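Examining the three-dimensional arrangement
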Amino acid sequence: EIEVNKYLISNDLVEVKKIDDGYLFDGKGSKYAIVFYPGAKVEYTSYAPLMSKIASNGIDVYLVKMPFNIAFLGKNKADNIISDDYDNWYIMGHSLGGVVASSYASGNDKIKGIILLASYPTKKIPDNIRLLSIYGTNDGVLNMKKYEESTKYFPSDSKKVEISGGNHANYGNYGKQKKDKESTISREEQQNKTVEEIIN
């Protein structure tokens, strides 16, 4: 709790602003922005540490609060956020949030790319959208069979990143998740590796 709350407060690198649909983590950059859809039934603020780390690297992030914490019920929330303020819009989601985010992106011509954390698309992503897929080798929640099948929906410009020892829950600071495996790296290490890949 305490750890999450300190990331909801502005610091030297990131200004945190409460918006109608959640929070904006406003870093020093002004060219790139990410809209983030949380995993199902997860308290959305638990992703604040990850969002703050991304924003401190120059990419602003909108952390979206979903109705009843279920992204399916707020699929078009990004409509309220995407504007002409940035040249490059990306959408990112964790777990079920990623499924919804990729579905949203495939029908929106402003989205340049999709970042999936322990997630996968369920329909074809157009080839003008880039895709970055990140998952941990100790993920006990992500259905790997479905994930492998979903790669046929990936656009031509796709990158898959496996985080050795990472699990399903470590992208957020919400503790253990049912069926998940123990990670052999720290939560912080998994988040830092994730941020590094996103920045790249």
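To start, this report covers the structure provided alongside it. In every chain, residue numbers begin from 1 and rise along the written sequence. Given that the model is predicted, a residue must reach a pLDDT of at least 70 before its local features are reported, and side-chain atom pairs must reach 80 or more before they are shown or counted; all residues, however, enter totals for whole chains, interfaces and linings. The side-chain quantities take in all heavy atoms of the structure and omit both hydrogens and water.

Here's the deal with the nonpolar core
Note the cut-off: In these notes, a set of buried Ala, Val, Leu, Ile, Met, Phe, Trp, Tyr and Cys residues joined through side-chain atoms within 4.5 Å is what counts as a nonpolar core. Think of it in three bands: residues with accessible area under 20% of the maximum for their type are buried, residues over 50% are exposed, and the middle band is partly exposed, with areas taken using a 1.4 Å probe on protein chains only. Numbering goes from the N terminus for both helices and strands, where a helix is a DSSP run of H or I of at least four residues and a strand is a run of E of at least two. Contacts are residue-level and defined by heavy atoms, with any inter-residue pair within 4.5 Å sufficient.
Counting 33 residues, the largest nonpolar core has Phe25, Ile34, Met51, Ile54 and Met92 as its most contacted members. Here the element with the most residues in this core is helix 2 (residues 48–55); it accounts for five residues. Apart from residues lying up to four places away in sequence, Met51 is in contact with Phe25, Phe36, Val61, Leu63 and Met92. Grouped together as the second largest cluster of nonpolar side chains are 29 residues, Trp89, Tyr104, Ile114 and Phe154 included.

Overview of the packing of aromatic side chains
The condition is simple: The aromatic pairing rule takes the rings of Phe, Tyr and Trp, using the six-membered ring of Trp, and pairs them if the centres are within 6.5 Å, calling planes under 30 degrees apart stacked, those over 60 edge-to-face and the rest tilted. Cation placement over rings: the criterion is NZ of Lys or CZ of Arg within 6 Å of the ring centroid and within 35° of the ring normal.
A complete count under the given rule lists 10 aromatic pairs for this structure. Between the aromatic rings of Tyr32 and Tyr90, the centroid separation amounts to 6.4 Å while the plane-to-plane angle is 40°, which identifies the pairing as tilted. Of the two residues, Tyr32 is situated in strand 3 (residues 32–37) and Tyr90 in strand 5 (residues 88–94); the sequence distance between them amounts to 58 residues. Given a relative accessible area of 32%, Tyr32 falls into the partly exposed group. Members of the aromatic cluster, each reached through a chain of ring pairs, are Tyr23, Phe25 and Tyr44. In this arrangement the basic side chain of Lys18 is found over the ring face of Tyr23, its NZ or CZ atom lying 4.8 Å from the centre.

Considering the packing of helix 2 against helix 5 (residues 187–199)
Convention followed: Structural elements are reduced to axes, namely lines fitted to C-alpha atoms, with helices fitted over the stretch in contact, and the angle between N-to-C directions of any two is expressed from 0 to 180 degrees. Working rule for angles: under 35 degrees goes down as roughly parallel, over 145 as roughly antiparallel, 65 to 115 as roughly perpendicular, anything else as oblique. Helix crossings get a hand from a simple test, with the near helix turned counterclockwise from the far one by less than a right angle marking a left-handed crossing and a clockwise turn marking a right-handed one. In the scheme used here, Gly and all other residues not listed as nonpolar or charged are polar, with Ala, Val, Leu, Ile, Met, Phe, Trp, Tyr, Cys and Pro taken as nonpolar and Asp, Glu, Lys and Arg as charged.
Running from N to C, helix 2 and helix 5 point in directions that differ by 40°, and their axes come no closer than 10 Å. The orientation of helix 2 with respect to helix 5, classified from their angle, is oblique. Between helix 2 and helix 5 lies a crossing of right-handed hand. On the side of helix 2, the interface is formed by Pro49, Leu50, Lys53 and Ile54, while helix 5 contributes Glu188, Gln191, Asn192, Thr194, Val195, Ile198 and Ile199. Residue composition of the contact of helix 2 with helix 5, by class: six nonpolar, three polar and two charged.

By themselves, these observations are geometric and do not establish any function.
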